[in-house]
Amino acid sequence: MITHYKTLVISDVHLGTKGSKAKELVKFLKQCSCDRLILNGDIIDGWQLKKYGTWKRKHTRFFNRILKMIEEHKTEVIYLRGNHDDFLDQILPFKVGNLTITRDLMIESNGKKFYVVHGDIFDSITTNLKWVAKLGDVGYTFLLWVNSKYNQYRRKKGLPYYSLSQIVKSKVKSAVSYIDDFEKQLIEIAKIKDCDGIICGHIHQPALKEIDGLVYMNSGDWVESMSALAEDKEGNWSLVYYADTSGFKSNHKKLQKINFDPNATETEELNLRKKTA
């Protein structure tokens, strides 16, 4: 069965890299439809394509699927520029038919106003020290390579997928502090924009919770968590995950209950993600 949503938000696909789960994302999009699809940045990884990335057929299939969604379901597709696809700066703003490419977006949902942005412009590292960000990108790519080799071993042993970088993020204090600071910065931007909440990506950390009375939503990524944000026809938001073992799953009630709890720890959210994935 195809699940229909009013809005789907996907970010950080990083097409052109080995770590991109483009094949799984195409399967995900075949099992759901939506009135509006927001591609919230870092869909194409221009940084790695310039050096050692490779474009594969599965990456092209993703865009073929997007075109089919526009043709068959009249889906409105909005592509927001991220830091890894900053080459889009050359054509912004752009609009043709149901496809729009821009920097940010304001949307209304269930009587509330949300600011939608990738999130890199509020990250001092990627904004002011791009060379440091690229150095960190190399380290992250190496960690993903180690992660893939480790999970090949786990698959042979019949063990489930295990994300090393997500565990590292949950254990390392500086990483946890960075995520916390990032979330608070974006909530401040939502306040400045006079919005009820913010929708972002960038840090590859799916979340749906309340901070200082405003809603913070992060769509995660399609490198590790394979997650998306979904709005139903009543205007309720939830995180949905792709699962390798049984295709596409969602667990709206559990996710909303934990992620909207401001006291929930990163470890609790990670444990929930592993259970629902």
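Refer to the structure printed above.
Residues numbered from 1 in each chain as written. Predicted model: local features only at pLDDT ≥ 70, side-chain atom pairs only at ≥ 80, totals over all residues. Heavy atoms only, no water.

1. Digging into the overall build of the protein chain
Stage number 1. When helices and strands are counted, the protein chain shows 9 helices and 13 strands.
Stage number 2. Per-residue burial for the protein chain yields a buried fraction of 52% across its 277 residues.
Stage number 3. Taken as a whole, the protein chain presents about 13,700 Å² of accessible surface, with 55% of it coming from carbon and sulfur. (Helix = DSSP H or I, 4+ residues; strand = E, 2+ residues; numbered from the N terminus. Buried < 20%, exposed > 50% of the residue type's maximum accessible area, 1.4 Å probe, protein only. Areas by Shrake-Rupley, 256 points an atom, 1.4 Å probe, with all protein chains shown as cover.)

2. Here we look at the environment of G197
Stage number 1. Relative to the assigned elements, G197 resides in strand 8 (residues 197-200).
Stage number 2. By relative accessible area, G197 is classed as buried at 0%.
Stage number 3. Sequence separation between G197 and V116 is 81 residues; the distance between their C-alpha atoms is 8.9 Å.

3. Structural notes on the pattern of salt bridges
Stage number 1. Overall, the coordinates contain 8 salt bridges when judged by the stated rule.
Stage number 2. Notably, a salt bridge pairs R81 with D120, separated by 3.2 Å at the nearest N-O pair. Of this pair, R81 sits in the loop between strand 3 (76-80) and strand 4 (94-96) while D120 sits in the loop between strand 7 (112-117) and helix 4 (124-128); the two residues are 39 residues apart in sequence, bridging distant segments of the chain.
Stage number 3. R81 sits in the buried class, given a relative accessible area of 14%.
Stage number 4. When its relative accessible area of 7% is taken as the criterion, D120 is described as buried.
Stage number 5. Across the salt bridge formed by E188 and K191, the nearest N and O atoms sit 3.4 Å from each other. Placement of both E188 and K191 in helix 7 (residues 173-192) is noted, with a separation of 3 residues, approximately one turn of the helix.
Stage number 6. One network of salt bridges, in which partners are shared, links R81, D89, R103 and D120. (Salt bridge = Lys/Arg side-chain N within 4 Å of Asp/Glu carboxyl O.)

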